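What follows is the residue order along each chain.
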Amino acid sequence: MTVQPSPRPAEPGEHDFDPLAEETFTSAHATYAELRARCPVARSATYGGFWALFRHADVVAVLSDPETFTTSVQNVVPKFAFTGRRPPLHLDPPEHSDYRRVINRFFTRRRMAALAPAVRGHVARHLQRMIDAGRADVGPNYAQTMPAHVFAEFFHLPLELSERIEQISAEYVRAIQVVDDEEVRRGSRLLYQIAEDVIAARRAEGTDPDTDLTAALLAARPGGRPLPPDMVLGCVRQLLVTGMVAPSVFIGTMLAHLAEHEELQALLRREPHRIPAAVEEYLRLFTPYRGMCRTARRDVVIGDRLIRADEPIALVYTSANRDEAVFEDGERFVLDRPNLRAAIPFGAGVHACPGAPLARMMLVMTLEELLARTRSFAVDGEITMARWAEWGTRSVPMRFVPR
């Protein structure tokens, strides 16, 4: 009879990896491949100590078990939600469901089709400005600005306000990364003030809840009762910010890879109907989420590690989506990969990102318009990387040869 070793809890100060190590375009993925093989359930002493899961099976198992792993205690590593609960991400089933039912109605195929012409207009205008200049940094000139215009359209906000939200969000994320709690609180308070103003405007205008997400939250009557005002405020605050961060680091990453693969550029120009498939593989290969978090409600064993109740667990989608146990040759871009449905670029389970259809639309249109308007494009300078909790690029200088 084989005696199985006892699961090993964390040792004081144990540090299997450093989430704040300086990174290049490839270094984090090399580290994560090594951790998947050697230490797939890892411990970091950073941010007060947390666990991190690097294998696809472990991440999916946690996402699929909200009864054991809660999002209501801490939903991101590092913890920074100091200023109130923000549905639906900060709530567990069934409490979160009242908010998701309202939100999901605004990301249907019909609504995305109605929004598509406006999204394409923003994409084309921002891209053409860079192409006309001949050289531009895709980070600040596109990835960090174009989504704000799309969100202004989606939330029926003045463009100036959406750009202000993007600016505050960027400062907020930087403060999280360097653990500047006071600056995090300041940024969050500003975002709450904006959410309060948006809600007040919808009330004053009597906005149709069938056409506006904020108005729909105000009008919702689950069980015959309105949603609590503080929770509606938290929900609007969450929605105004969440969708801007991931595109800001992902788009430059996608374009940097495509710039270095001219044969793929040529293929997608000849066969633009394959662009959606390319975007799906890019989402797998360059998933930006690595700090999304759950907290164990009780002691659990994952792999050979004992995770105690109340210990935070980072779900490293960035690693899980390259796991060679699921994706053969997972470190490489493979167009029309056969098992791509196993990828979790937007999470899985009850908290899978509701805004995924809008994100996909922005990304597909970005490639369609860029490839149609250029003969070639290439990286033309040093790429700089974002820091944990996202993975991706902040700066990607590029040069463009117009069509």
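The structure we're discussing is the one just above.
Here the structure is a predicted model, which means the values were calculated and not measured.

Cut-off values and rules
Residues numbered from 1 in each chain as written. Predicted model: local features only at pLDDT ≥ 70, side-chain atom pairs only at ≥ 80, totals over all residues. Heavy atoms only, no water. Salt bridge = Lys/Arg side-chain N within 4 Å of Asp/Glu carboxyl O. Helix = DSSP H or I, 4+ residues; strand = E, 2+ residues; numbered from the N terminus. Buried < 20%, exposed > 50% of the residue type's maximum accessible area, 1.4 Å probe, protein only. Core = buried A, V, L, I, M, F, W, Y, C linked by side-chain atoms within 4.5 Å. Contact = heavy atoms within 4.5 Å. 1 Å grid on protein atoms, 1.4 Å probe; cavity = no way out; pocket = protein on both sides within 12 Å on 5 of 7 lines; lining within 4 Å. Points joined across faces, edges and corners; volume = space filled by probe spheres on them. Nonpolar A, V, L, I, M, F, W, Y, C, P; charged D, E, K, R; others polar. Pairing = 2+ DSSP bridges. Axes fitted to C-alpha atoms, helices over the stretch in contact; angles between N-to-C directions. Disulfide = S-S within 2.5 Å. Phe/Tyr/Trp six-rings, centres within 6.5 Å; stacked < 30°, edge-to-face > 60°. Lys NZ or Arg CZ within 6 Å of the ring centre and 35° of its normal.

What to know about the pattern of salt bridges
- One pass over the structure, following the stated rule, counts 28 salt bridges.
- Between Arg186 and Glu171 there is a salt bridge, and its shortest N-O distance comes to 3.7 Å. Of this pair, Arg186 sits in helix α8 (residues 181-205) while Glu171 sits in helix α7 (residues 159-177), and the two are 15 residues apart along the sequence.
- Using a relative accessible area of 26% as the deciding quantity, one classes Glu171 as partly exposed.
- When the shortest N-O distance is used, the salt bridge between Glu281 and Arg284 registers 2.9 Å.

Side note on the nonpolar core
- The biggest cluster of nonpolar side chains holds 128 residues, and the ones touching the most others in it are Val119, Phe154, Leu213, Leu217, Leu358, Trp388 and Phe400.
- Here the element with the most residues in this core is helix α10 (residues 229-259); it accounts for 17 residues.

Considering the side chain of His96
- Note on placement: His96 falls in the loop between β3 (69-70) and α3 (97-104).
- In this view, His96 contacts Pro88, Leu91, Val350 and His351; residues no more than four positions away in its chain are not counted.

Considering the layout of surface pockets
- Considering only enclosed or pocket space, the largest pocket measures out at about 210 Å³ in volume.
- Together, 17 residues line the largest pocket, and Ala170, Val173, Val245, Ser248 and Arg394 are the ones closest to its centre.
- Within the residue set of the lining of the largest pocket, elements represented by two or more residues are α7 and α10.
- Here the residues of the lining of the largest pocket are counted per class, giving eight nonpolar, four polar and five charged.
- In this structure, the second largest pocket encloses a volume near 170 Å³.
- Every residue lining the second largest pocket is listed: Phe106, Arg111, Met112, Ala114, Leu115, Glu153, Phe154, His156 and Thr211.
- The element best represented in the lining of the second largest pocket is helix α4 (residues 109-133), accounting for four residues.
- When the residues that make up the lining of the second largest pocket are grouped by side-chain class, the tally is five nonpolar, two polar and two charged.

Describing the sheet that holds strand β12 (residues 397-402)
- Here three strands make up an open sheet; going across it, the order is β4-β12-β9 and the pairing antiparallel. In the strand order of this sheet, the two ends are held by β4 (135-137) and β9 (374-379), each with one partner. For this sheet, the mean angle separating the axes of adjacent strands, direction not counted, is 25°.

Concerning the state of the cysteines
- All told, the structure shown has zero disulfides when counted by the stated rule.
- Take Cys235: it sits in no disulfide, and the sulfur closest to it among the cysteines is that of Cys353, at 13 Å.
- Assessed through its relative accessible area of 29%, Cys353 is described here as partly exposed.

A closer look at empty space enclosed by the protein
- Here the structure, examined in full by the defined rule, presents two cavities of 30 Å³ or more.
- Empty space within the largest cavity amounts to approximately 1000 Å³.
- Forming the boundary of the largest cavity are 50 residues, of which Gln238, Thr242, Gly243, Tyr289 and Cys353 lie nearest the centre.
- Top contributing element to the lining of the largest cavity by residue count: α10, with 11 residues.
- Grouping the constituent residues of the lining of the largest cavity by class yields 34 nonpolar, 10 polar and six charged.

Brief notes about the sheet that holds strand β8 (residues 312-315)
- On the basis of which strands lie adjacent, the open sheet formed by five strands has the order β1-β2-β8-β5-β3 and mixed pairing. Each edge of the open sheet carries a strand with a single partner, namely β1 (41-44) and β3.
- Sheet topology note: the strand β2 (residues 50-53)/β8 ladder contains three bridges and is parallel. Its bridge partner being in β8, Trp51 is matched across the sheet by Ile313.

Looking at the packing of aromatic side chains
- Under the counting rule described, the total for this entry stands at 15 aromatic pairs.
- Measuring from centroid to centroid gives 6.1 Å for Phe25 and Trp391, while their planes differ by 55°, and the two rings are tilted. On the criterion of sequence distance, the pair formed by Phe25 in the segment before α1 (27-38) and Trp391 in the loop between β10 (384-385) and β11 (393-395) is long-range, its members being 366 residues apart.
- For Trp391, a relative accessible area of 1% translates into the label buried.
- Seen in terms of ring centroids, Tyr289 and Tyr317 are 6.3 Å apart; in terms of plane orientation they differ by 70°. Their pairing is edge-to-face. Of this pair, Tyr289 sits in the loop between α12 (275-285) and β5 (293-296) while Tyr317 is found in helix α13 (residues 317-320), placing the two residues 28 residues apart along the sequence.
- On the basis of relative accessibility, which here comes to 5%, the residue Tyr317 falls in the buried class.
- Taken together through their ring pairs, the aromatic side chains of Phe17, Tyr32, Tyr47, Phe50, Phe54 and Trp388 make up a single cluster.
- Between the NZ or CZ atom of Arg111 and the centre of the ring of Phe106, over which it lies, the distance is 4.2 Å.

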